Amino acid sequence: MVDAAELLWLSVIDSMDAAHALRSAMGESGPMQASTDTLTLTRPDDWHLHLRDGEVLRTLVPHSAAQFARAIVMPNLRPPVTTTAQALAYRDRILAAVPAGVAFEPLMTLYLTDQIAPEEIRRARAAGVVAAKLYPAGATTNSDSGVTGLRTVYPVLEAMQREGMRLLVHGEVTDQTVDLFDREAAFIEQQLIPLRRDFPELKIVMEHITTREAAQYVAGAGAHTAATITAHHLLYNRNAIFTGGIRPHYYCLPVLKRETHRVALVEAATSGSNKFFLGTDSAPHASQLKEHAMGCAGCYTGHAALEMYAEAFDQAGALDKLEGFASFHGADFYGLPRNQGTVTLKREKWTVPDSYVYGEANLKPLRAGEVLPWKVVA
Ligand SMILES: NC(=O)N[C@@H](CC(=O)O)C(=O)O
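Worth saying up front: this structure is predicted, and the values here are computed from it rather than measured.

**Q** Explain the environment of Trp374 to me, please; I cannot follow it from the model alone.
**A** Position of Trp374 among the secondary structure elements: in strand β14 (residues 371-376). Looking at Trp374, its side chain comes within polar contact range of the side chain of Asp314, at 3.1 Å.

**Q** Before we go on, may I ask you to explain the packing of aromatic side chains in this structure?
**A** The geometry of an aromatic ring pair comes down to the distance between the two centres and the angle between the two planes. Applying the stated criterion across every chain, the model contains 10 aromatic pairs. Ring geometry for Phe333 and Tyr334: centres 6.4 Å apart, planes at 75 degrees, overall edge-to-face. Per residue, the accessibility class of Phe333 equals that of Tyr334, and both read buried. Feature note: the residues Trp47, Phe277, Phe333 and Tyr334 constitute an aromatic cluster, connected by ring pairs. Across the ring face of Phe333, the terminal group of Lys203 is positioned such that the distance to the ring centre comes to 5.5 Å. For the cation-ring pair, Arg238 lies above Phe181, with the distance from its terminal atom to the ring centre recorded as 4.7 Å.

**Q** Would you mind showing me how to read the packing of helix α12 (residues 305-315) against helix α13 (residues 322-334) here?
**A** Helix packing for two helices is described by the angle between their axes and how far apart those axes are. Axis separation between α12 and α13 bottoms out at 10 Å; the angle between their running directions is 145 degrees. On the side of α12, the interface is formed by Leu306, Tyr309, Ala310 and Phe313, while α13 contributes Leu322, Phe325 and Ala326. In the contact of α12 with α13, the residues fall into 7 nonpolar, no polar and no charged.

**Q** Could you clarify how one ought to interpret the environment of Gly128 in this entry?
**A** Mapped onto the fold, Gly128 is located in the loop between α5 (118-126) and β6 (131-134). According to the relative accessible area criterion, Gly128 is partly exposed, its value standing at 45%. Counting along the chain gives 189 residues from Gly128 to Gly317, while the straight-line C-alpha distance between them is 38 Å.

**Q** Help me understand the site of the ligand, please; the structure alone is not making it clear to me.
**A** Around the ligand there are 15 residues in total, and Arg52, Asn76, Thr140, Leu253 and Asp281 lie nearest to it. Contacts to the ligand include Asn76, whose side-chain N or O atom sits 2.8 Å from an oxygen atom. Protein chains bury 100% of the 310 Å² of accessible surface belonging to the ligand in isolation. Classifying every residue of the shell around the ligand gives 4 nonpolar, 9 polar and 2 charged.

**Q** Can you help me understand the packing of α5 against helix α6 (residues 154-163) in this one?
**A** It is the contact of α5 with α6, at a shortest axis distance of 8 Å, that shows an interaxial angle of 25 degrees. The orientation of α5 relative to α6 falls into the category roughly parallel. In this structure, α5 crosses over α6, and the sense of that crossing is right-handed. In contact with Pro118, Ile121, Arg122 and Arg125 of α5, α6 contributes Pro155, Val156, Ala159, Met160, Arg162 and Glu163.

Cut-offs used in this document
- Residues numbered from 1 in each chain as written.
- Predicted model: local features only at pLDDT ≥ 70, side-chain atom pairs only at ≥ 80, totals over all residues.
- Heavy atoms only, no water.
- Helix = DSSP H or I, 4+ residues; strand = E, 2+ residues; numbered from the N terminus.
- Polar contact = N/O pair within 3.5 Å; in protein donor to acceptor, adjacent residues only side chain to side chain.
- Phe/Tyr/Trp six-rings, centres within 6.5 Å; stacked < 30°, edge-to-face > 60°.
- Buried < 20%, exposed > 50% of the residue type's maximum accessible area, 1.4 Å probe, protein only.
- Lys NZ or Arg CZ within 6 Å of the ring centre and 35° of its normal.
- Axes fitted to C-alpha atoms, helices over the stretch in contact; angles between N-to-C directions.
- Contact = heavy atoms within 4.5 Å.
- Nonpolar A, V, L, I, M, F, W, Y, C, P; charged D, E, K, R; others polar.
- Near = heavy atom within 4 Å.
- Areas by Shrake-Rupley, 256 points an atom, 1.4 Å probe, with all protein chains shown as cover.
- Parallel < 35°, antiparallel > 145°, perpendicular 65-115°, else oblique.
- Left-handed = near helix turned anticlockwise from the far one by under 90°.

Take it as geometry only, folks, not as evidence of what the structure does.
Shown next, in the form of structure tokens:
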């Protein structure tokens, strides 16, 4: 048994090797090994990723595949992915963009609309589609075909509960009279709590949570509710959008919140709780559509996601908690096997490129031109 004094001592000396030995003693260890400057983790997964479609897959897929073994691919294409056949065809297009010799498994999702039939859920589940995404109509990028009222999709949610298909929610109300910064908290009160009550066995992931309210709700909501947290919501608060002028590349939905919320998210992510796991919500847009009078919502982090998570966990003195968050908790919640291989990060400075090719356009990554402290090396 490990007592509280020993745990405190570990956090004080911040010794990753000792933490690893302790984890082994507690029977919690994967292959994670760490010194202050090197971190080897079981290969992680990204449980929330936007890969878009067409030519841009050639840029986006290699970035994600270099860090992650699997990714939950969001279905908010134009038109949205609403059928099993569309999901499987999209999967093939993604696989065609995986570099030779790299293993990367896209996990497919359906986009819930008012029209989707419960039979489609059965078909999708049988074909290996792992989840369906609920976008309240109008909440974010390409969400105009989203669900107009939760009751409309209750028969579909019943089918999902029966089939064991995960429900992924974009948790914001779309009522324009609700302040933008309060829309996540309002969603929990108005929609998620009743939904949770009506479908007690449905496994729900509240995606890209951004508030203390969401972290607290998920922590207390029982084993069938979990949440993803992005790297940018761990690293930044809303000041980032307005520092020295308006910075569109920090604009995403749900929008960055004030510092107290960022701190609550870091606490949740580094708590060791298996209800919180990695989901980048890397959401690329051509740079001219971000630097625009009506700029699109979405931060592109696919080029350096794991490095940014390592930075956030390092700042919190919690690198020993990164492997659970990045490599175990999501797989366990989805009922999928944990990955076999490893990925190694080094404390090694590198400069993020100013932009990447994005079809005919270019893509400005988050932290463009900045130096990052951690680097994936193998
Ligand atoms: N996160 C974002 O700001 N944007 C996402 C959609 C979403 O997940 O909200 C996108 O697809 O661009």
